[in-house]
Structures are given as C-alpha cells and as structure tokens.
Amino acid sequence: MQYGLTEKQLKLFKFIKSYIAKKNISPSYDEMKMAINLKSKNSVYEYVKQLVARGWLKNLKGKARSLRIATPIKK
C-alpha cells in the first residue's frame, strides 16, 4: 500500500490526476472504468468515494465531471 492507498485506488488517482492535467476536466466514470479495467461504474463510484473520504479528491455534489485533486502526490 503506497501512500496508504490500495493498488487500484492509487491507479485510479494517478489516472484522474493525469487526465485533469491534460484536459483540465475530470474524466467520466466510463473513462475511469476503462482506464483501470473495472467491470462496473459502481466500482468506480466506490473507489472515488473512498478517495474523497481519505482526502485525496474533492467532488462537487450534483455536478458532472467535478472531481479535483485535493492532495498533491509525490513521485
């Protein structure tokens, strides 16, 4: 567990961070699902919820593609 995150949580966080850096908008749940090879959007939702709860992401409720990075990650 690097940075206190599971492998999938870290993979998702890095994908979201990279996507936002390139496109200045957060990825859709479908894009996240495909990026980390999950079978359902509900799984993505759960990982995002965990990252928000741990303080790695911020999410504006009721607004599409509103994820933002809350904590910078060191390489």
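Calculation rules
Residues numbered from 1 in each chain as written. Predicted model: local features only at pLDDT ≥ 70, side-chain atom pairs only at ≥ 80, totals over all residues. Heavy atoms only, no water. Helix = DSSP H or I, 4+ residues; strand = E, 2+ residues; numbered from the N terminus. Rg over C-alpha atoms; globule rule 2.2 N^0.38 Å. Contact = heavy atoms within 4.5 Å. Lys, Arg positive; Asp, Glu negative; His and termini not counted. Charge placed at Lys NZ, Arg CZ, Asp CG, Glu CD.

Chemist: Sorry if this is basic, but what is going on with the overall build of the protein chain here?
Modeler: Scanning the protein chain from terminus to terminus reveals 3 helices and 2 strands. Over its C-alpha trace the protein chain gives a radius of gyration of 11 Å, about what one expects of a compact globule, namely 11 Å for 75 residues. In terms of its C-alpha atoms, the protein chain occupies a principal-axis envelope of roughly 30 × 25 × 25 Å. Residue pairs at least 24 apart in sequence account for 52% of intrachain contacts in the protein chain once pairs closer than 6 positions are excluded. Here the protein chain carries 18 positive and 4 negative side-chain charges, and the mean point of each set is 7 Å from the other.

Function cannot be inferred from these measures alone, as they are strictly geometric.
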